[in-house]
Amino acid sequence: MARPFLLSPSLLSSDYGRLAEELAALEAAGLKWVHWDVMDGAFVPNITLGAPIIGALRGRSKLFFDVHLMVEEPARYVADFARAGADLICVHAEATRHLERTCAAVAELGKQVGVALNPATPVDAVRYLLPQLDMVLVMSVNPGFGGQSFIPFAVDKIRELAALRDGLNPRCLIQVDGGCTPENTAELVAAGADCLVSGSAFFKFPPYRERHETFLRAAGAL
Ligand code: DX5
Ligand code: ZN
């Protein structure tokens, strides 16, 4: 099954004072996805932004809004993020007591459904849910901060998840988030990743079109 390679730049490393301009620049540079890191100060130490900010910027951008909720009991907020214009809502397995119910609620809201796994969470946490998921996010750092180093065992985890995905739901994307760079892109894609999130290794290296192409070339997609 052909799943095109995607780069989802994480706005966590963008200029928050110029979010509208950053979104426009990504679109002009040929990006299709953008990654919103929502942190609640409880599941992770930091607080970033919420549904009102995403909603305010929705009208300014045609990018696919990939929303990563690093939030305790995200079921409380999925309707808000759906209304704000998220295209995909990704919740953490570790933050969600009734994960199947939360995923079903996101699908019911007409949004794509993702589940994120912290580095120490085994792939088995999504085994039975895979048929109903659009994406699984493999965290390759502990969530909460940009600019951390990639945890090497995430590669084995991607490989294990890809084997499971190929058998149970080939259309489900595997996203990798944390410490992704052009240098490790080829290895991650070979292991089974379809979509890489990049914060610091993307936004610190303008112009965005050239940086996107560097990732695409590393992925063998250009
Ligand atoms: C970490 C976030 C990531 C982060 C990635 O908690 O989920 O999306 O922004 O940043 P880099 O690419 O700098 O590791
Ligand atoms: Zn993220």
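Treat the numbers as computed from the prediction; the structure is a model and nothing was measured.

The rules behind each value
- Residues numbered from 1 in each chain as written.
- Chains lettered and ligands numbered in written order.
- Predicted model: local features only at pLDDT ≥ 70, side-chain atom pairs only at ≥ 80, totals over all residues.
- Heavy atoms only, no water.
- Helix = DSSP H or I, 4+ residues; strand = E, 2+ residues; numbered from the N terminus.
- Rg over C-alpha atoms; globule rule 2.2 N^0.38 Å.
- Buried < 20%, exposed > 50% of the residue type's maximum accessible area, 1.4 Å probe, protein only.
- Contact = heavy atoms within 4.5 Å.
- Donors = N, O, S within 2.8 Å, 3.2 Å for Na, K, Ca; no water.
- Tetrahedral: all angles 85-135°; square planar, octahedral: opposite > 155°, others 65-115°.
- Phe/Tyr/Trp six-rings, centres within 6.5 Å; stacked < 30°, edge-to-face > 60°.
- Near = heavy atom within 4 Å.
- Polar contact = N/O pair within 3.5 Å; in protein donor to acceptor, adjacent residues only side chain to side chain.
- Areas by Shrake-Rupley, 256 points an atom, 1.4 Å probe, with all protein chains shown as cover.
- Nonpolar A, V, L, I, M, F, W, Y, C, P; charged D, E, K, R; others polar.
- Axes fitted to C-alpha atoms, helices over the stretch in contact; angles between N-to-C directions.
- Parallel < 35°, antiparallel > 145°, perpendicular 65-115°, else oblique.
- Arc of directions from axis to C-beta.
- Pairing = 2+ DSSP bridges.

J.: What is the right way to read the overall build of the protein from this model?
T.: Helix and strand counts for the protein stand at eight helices and eight strands. Taken over the C-alpha trace, the protein has a radius of gyration of 16 Å; the compact-globule value for 222 residues is 17 Å, and the two agree within 12%. With respect to the principal axes defined by its C-alpha atoms, the protein has extents near 40 × 35 × 30 Å. Out of the 222 residues belonging to the protein, those deemed buried represent 55%. The contacts in the protein between residues at least 6 apart in sequence include a share of 65% that link residues at least 24 apart.

J.: Would you mind going over the coordination of the zinc ion (ligand 2) with me for this structure?
T.: Around a metal, the ideal angle is 109.5 degrees if four donors adopt a tetrahedral arrangement and 90 or 180 degrees if six donors adopt an octahedral arrangement. The coordination sphere of the zinc ion (ligand 2), as far as protein atoms go, consists of His-35 (NE2), Asp-37 (OD), His-68 (ND1) and Asp-177 (OD), spread over 2.1 to 2.3 Å. Because the angles between the six donor atoms bound to the zinc ion (ligand 2) fall within 70 to 169°, the donor set is best described as octahedral.

J.: Whenever I open this one, the packing of aromatic side chains confuses me. Can you help?
T.: Working definition: an aromatic ring pair is given by the centre-to-centre distance plus the angle between the planes. The final tally for this structure, using the stated rule, is five aromatic pairs. Taking the centre distance of 5.1 Å and the plane angle of 35° together, the rings of Phe-202 and Tyr-208 count as tilted. You'll find Phe-202 and Tyr-208 in the same group, each marked buried. Here the aromatic cluster, defined as three or more aromatic residues joined through ring pairs, consists of Phe-202, Phe-203 and Tyr-208.

J.: Help me out: how do you make sense of the site of ligand 1 in this one?
T.: Near ligand 1, the surroundings consist of 20 residues, among which Asp-37, Gly-144, Gly-147, Asp-177 and Ser-200 are the closest. A distance of 3.5 Å separates an oxygen atom of ligand 1 from a polar side-chain atom of His-35. Between ligand 1 and the protein, one listed contact pairs an oxygen atom with a side-chain N or O atom of Asp-37 at 2.7 Å. For ligand 1, whose free accessible area comes to 380 Å², the fraction covered by protein is 100%. Listed by contribution, the elements that provide at least two residues to the shell around ligand 1 are β2 (33-39), β3 (64-70) and β8 (195-198). When its residues are assigned to classes, the shell around ligand 1 shows seven nonpolar, eleven polar and two charged.

J.: Is there a simple way to explain the packing of helix α5 (residues 154-168) against helix α6 (residues 182-191) in this structure?
T.: Two quantities define a packed helix pair, namely the angle between the helix axes and the distance between the axes. For the pair α5 and α6, interaxial distance at closest approach is 8 Å and the crossing angle is 30°. When the axis of α5 is compared with that of α6, the two are roughly parallel. From α5, Val-155, Ile-158, Arg-159 and Ala-162 reach across to α6, where they touch Glu-187, Leu-188 and Ala-191. Considering only residue class, the contact of α5 with α6 consists of five nonpolar, no polar and two charged.

J.: Just checking my understanding: could you explain helix α8 (residues 208-218) for this structure?
T.: Among the residues of α8, those classed as buried are Tyr-208, Arg-211, His-212, Phe-215 and Leu-216. Taken around the axis of α8, the buried residues stretch over an arc of 140°, which confines them to a single face. Gly-220 occupies a position one or two residues after α8 and carries a positive phi of about 75°.

J.: Would you mind going over helix α1 (residues 19-28) with me for this structure?
T.: Because each turn of an α-helix spans 3.6 residues, side chains separated by three or four positions in sequence point in the same direction. Within the sequence span of α1, burial applies to Leu-19, Ala-20, Glu-22, Leu-23 and Leu-26. In a view along the axis of α1, the buried residues occupy a sector of 165°, so they form one face of it. Once α1 finishes, Gly-30 follows within two positions and takes phi at roughly 95°, a positive value.

J.: Would you mind going over the sheet that holds β8 with me for this structure?
T.: Within a sheet, each strand pairs with its neighbour through backbone hydrogen bonds, oriented either parallel or antiparallel. Strand order in the open sheet formed by eight strands is β1-β8-β7-β6-β5-β4-β3-β2, and the pairing between neighbours is parallel. Looking at the sheet topology across the chains shown, the edges are occupied by β1 (6-9) and β2. Averaged over all pairs of adjacent strands, the angle between their axes in this sheet comes to 25°, without regard to strand direction. Inspection of the sheet shows strand β4 (residues 88-92) paired to strand β5 (residues 112-117) by five bridges, in the parallel sense. Residue pairing in the sheet places Val-91 in a bridge with Val-115 of β5. Each of β2 and β3 touches helix α2 (residues 51-58); the most contacted strand, β3, lies at about 175° to it. Its contacts with the sheet put α5 on β5, β6 (135-139) and β7 (173-177), and the angle it makes with β7 is roughly 170°.

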